[in-house]
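Commentary on secondary and tertiary structure
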Amino acid sequence: MSEPSVWQTKQSQTVFQNRWIRVEIDDVLLPNGNPYEYTRVNINGVGVGVIGFNSTGNQILLEREYRHGVGEVVWQCPGGLAQPGEDLQVTALRELREETGYAPTVISPENVRYLGKIWDSPPLGHSCNHIFAVWGLELTRQIDPDEAEFVTCHWRSVAWLKEAIRSGEVADRFVVSAVSYLLLNNLID
C-alpha cells in the first residue's frame, strides 16, 4: 500500500467569519481523481498556552472555566491568541498575566521554555497551539480577563494533575499535551 497523497485544492470559499473563526469550503480532487467538497474551520490566529509552576516547582497553576462548546466547567491552562506578528513567548506571558495575575520572577531560558505545538483538530483545519512551561510564578497584578472569561485559579500538585488526566477529570487537549511534553523532556516526574 502506498503512502497517502496530498489533495489538490481547486477552489476555496469562506462561508462564515467572525473575530474568532473562519469556515471555508474547499473543492478538492482526491488522489483517485474524484472531486470532493471539504469543510474547514480555522481559528483566526495562532494559539499559545502556558503550564506554570510555583517557585519550588512542585505546584502547577490551573484554571477552571465554563466552556460553552462542551457545556462544562473544565480544568485548563492560561492561553489565548497571538496578535499578528507578535512573538509567541510574549503572547504566552501576556495571557498568563491577564488571566491569572501571575508572572515569572525571572524571564530566562531556564524559567520560560518552549515545549512544542499541537494541532487543534487536523481534520477541521490548520489551527494550532504552542505550549510554554514557566517556572517561578508569583502574583504580580490583578487579573484582566476578556469580557466572556470567568476564570478561577488553582494550584495543584504534579501528582494530582497526572491522576486527574488518568481518571479523565482533566481532558483538555492543551493540558494533556503539556504534561506529555513535560514528561518526555524529563521536566516532571
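The structure this text deals with has already been given above.
Residues numbered from 1 in each chain as written. Predicted model: local features only at pLDDT ≥ 70, side-chain atom pairs only at ≥ 80, totals over all residues. Heavy atoms only, no water.

Let us look at the overall build of the protein chain. Helices and strands together make up the secondary structure of the protein chain, namely three helices and 12 strands. Projected onto its principal axes, the C-alpha coordinates of the protein chain cover approximately 60 × 40 × 35 Å. Looking at the protein chain residue by residue over its 189 residues, the buried ones come to 39%. Element-wise, carbon and sulfur atoms account for 53% of the exposed surface of the protein chain, whose accessible area totals about 11,100 Å². Positive and negative side-chain charges in the protein chain, numbering 15 and 24 respectively, have mean positions lying 2 Å apart. (Helix = DSSP H or I, 4+ residues; strand = E, 2+ residues; numbered from the N terminus. Buried < 20%, exposed > 50% of the residue type's maximum accessible area, 1.4 Å probe, protein only. Areas by Shrake-Rupley, 256 points an atom, 1.4 Å probe, with all protein chains shown as cover. Lys, Arg positive; Asp, Glu negative; His and termini not counted. Charge placed at Lys NZ, Arg CZ, Asp CG, Glu CD.)

With that out of the way, let us pick up the state of the cysteines. Here the structure, examined in full by the defined rule, presents zero disulfides. A disulfide-free cysteine, Cys 77 has its sulfur positioned 11 Å from the sulfur of Cys 153, the nearest such atom. Judged by relative accessible area, Cys 77 falls into the buried class, the value being 7%. Looking at Cys 128, it has no disulfide partner, and the nearest cysteine sulfur is the one in Cys 77, 17 Å off. (Disulfide = S-S within 2.5 Å.)

So, on to the pairing of strand β6 (residues 72–76). Two faces, one strand: in a regular strand the side chains alternate between the faces of the sheet. Two strands pair when backbone bridges link them, and strand β5 (residues 59–67) and β6 are joined in this way by five bridges, in the antiparallel orientation. Counted as the bridge partner of Tyr 66 is Val 73 from β6. Where β5 hands over to β6, the hairpin turn is made up of four residues, of which Gly 71 adopts a positive phi near 70°. (Pairing = 2+ DSSP bridges.)

With that settled, the discussion passes to the sheet that holds strand β3 (residues 35–43). Across the sheet, which stays open at both edges, the three strands sit in the order β1-β2-β3 with antiparallel pairing between neighbours. Unpaired on one side and paired on the other, β1 (8–17) and β3 mark the two borders of the sheet. Going across the sheet, the axis of each strand differs from the next one's by a mean of 25°, ignoring polarity. Bridging between β1 and strand β2 (residues 21–29) involves eight bridges; their strand directions are antiparallel. Paired with Gln 13 across the strands is Ile 25, a residue of β2. (Axes fitted to C-alpha atoms, helices over the stretch in contact; angles between N-to-C directions.)

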